[in-house]
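Residue-level structure breakdown
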Amino acid sequence: FYVPKYYLDLKTLAKARGVDPLKYTNGLLANQMSVAPFNQDIVSMAANATLNYLTKEDIKAIDLVLFTTESGIDYSKSAATHLISILGLRQDIRAVEMKQACYATTAALYFAKGHILQNPNSKVLVIASDIAKYGLNSPGEPTQGAGAVSMLVSKDPKLLILEDQYGIHSEDIYDFWRPDGMDYAQVDGRYSNEMYKKFFLRTFEDYKNKTNHTLNDFEALTFHIPYSKIGLRSLELVASKETHPSLFDNFYRSIYYNQLIGNIYTGSLFLSLIALLEN
């Protein structure tokens, strides 16, 4: 993953806004936010997240790039196409940009899995890159962030295997949206929090019903993290520290980077996964 070198300490923001710093550090479980400078965007962050690990063999094998973002920089040109030249990829390649809120990267991984099943010798590059920004003095201001996560999918995985079973839930709601012409996302905070927890419970129940798994089968649960406290509150809906201490220990390990970087939209869940694996 990659984040810009600039950040804002939320205690500094709290002082500027005249609020108790605990509102951010305890209320949100957030400590800092990553800040993208003017000379960086979602493409440069995506490239930086990828350049440090691709081998020459990877570059030859990649025939599909899936770029997930909620911060698109062009209404027509896919952000993925920029990476063909920046990373020196083949030209007989598919390059697609995908948007579906915090689910897009998970969708891209299953898109990639289907492609690998049909083309077992190929590799797929999946990148999530976003700049989360809100208006000055807005409720979402302390949850801003910027960064990119990059993953390589192949038939011989080194870190994780994508199962065939998954839980899903979708509704047409307006808890978070950014229509054409608006620079900042619009958020109904209280409603969004309730929808987050509702969708988690319904998705998890759907998964358990399809797989016959129970909570006891899990050593860790990672969450999409717009801010860390909402992930904790959701975990508390299905577990307690007394009955499942490892889930809470691993949750706090998983949010380590999120607390220092802030919300990176499509990459937030996978930033948590990286933190869990590293810590």
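Reading the values: the criteria
Residues numbered from 1 in each chain as written. Predicted model: local features only at pLDDT ≥ 70, side-chain atom pairs only at ≥ 80, totals over all residues. Heavy atoms only, no water. Patch = residues over 30% accessible without salt bridge, like charges linked within 9 Å, V, L, I, M, F, W, Y side chains within 5 Å. Areas by Shrake-Rupley, 256 points an atom, 1.4 Å probe, with all protein chains shown as cover. Salt bridge = Lys/Arg side-chain N within 4 Å of Asp/Glu carboxyl O. Buried < 20%, exposed > 50% of the residue type's maximum accessible area, 1.4 Å probe, protein only. 1 Å grid on protein atoms, 1.4 Å probe; cavity = no way out; pocket = protein on both sides within 12 Å on 5 of 7 lines; lining within 4 Å. Points joined across faces, edges and corners; volume = space filled by probe spheres on them. Helix = DSSP H or I, 4+ residues; strand = E, 2+ residues; numbered from the N terminus. Core = buried A, V, L, I, M, F, W, Y, C linked by side-chain atoms within 4.5 Å. Contact = heavy atoms within 4.5 Å. Arc of directions from axis to C-beta. Polar contact = N/O pair within 3.5 Å; in protein donor to acceptor, adjacent residues only side chain to side chain.

This paragraph deals with a nonpolar patch on the surface. A contiguous nonpolar patch, built from Tyr103, Tyr166 and Ile168 and spanning about 300 Å² of accessible area, is present on the exposed surface. With a relative accessible area of 46%, Ile168 lands in the partly exposed category.

So, on to the layout of surface pockets. One number sums up the size of the second largest pocket: a volume of about 1000 Å³. Elements represented by at least two residues in the lining of the second largest pocket include exactly helix H6 (104-118), strand S6 (145-153) and helix H11 (268-278).

Moving on, we come to the nonpolar core. Core analysis: the biggest nonpolar cluster contains 24 residues, and Leu221, Phe223, Leu235, Leu247 and Phe251 have the highest contact counts within it. Setting aside anything within four residues of it in sequence, one finds Phe251 in contact with Phe223, Ile225, Ser228, Gly231, Leu232 and Leu235. Met45, Ala49, Phe67 and Leu87 belong to the second largest nonpolar core, which has 20 residues in total.

Along helix H1 (residues 10-17), the residues that are buried comprise Leu10, Leu13 and Ala14. For H1, the angular spread of buried residues about the axis comes to 100°, placing them on one side. In H1, the exposed residues that point more than 90 degrees away from the buried face are Lys11, Lys15 and Ala16. If you follow the buried residues of H1, they end up packed against strand S1 (6-9), helix H2 (22-25) and strand S2 (32-35). Two residues or fewer after H1 comes Gly18, characterised by a positive phi angle close to 70°.

A few words now on helix H5 (residues 79-86). Buried within H5 we find Ala79, Ala80 and Leu83. Considered in projection along H5, the buried side chains sweep an arc of 100° and stay on one side of the axis. Tucked into the core, H5 has its buried residues touching helix H3 (42-51), strand S3 (62-68), strand S4 (94-98) and strand S5 (123-132). With a side-chain oxygen positioned 3.1 Å from the backbone nitrogen of Ala80, the residue opening H5 is Ser78. With its phi angle positive at about 70°, Gly88 sits one or two positions after the end of H5.

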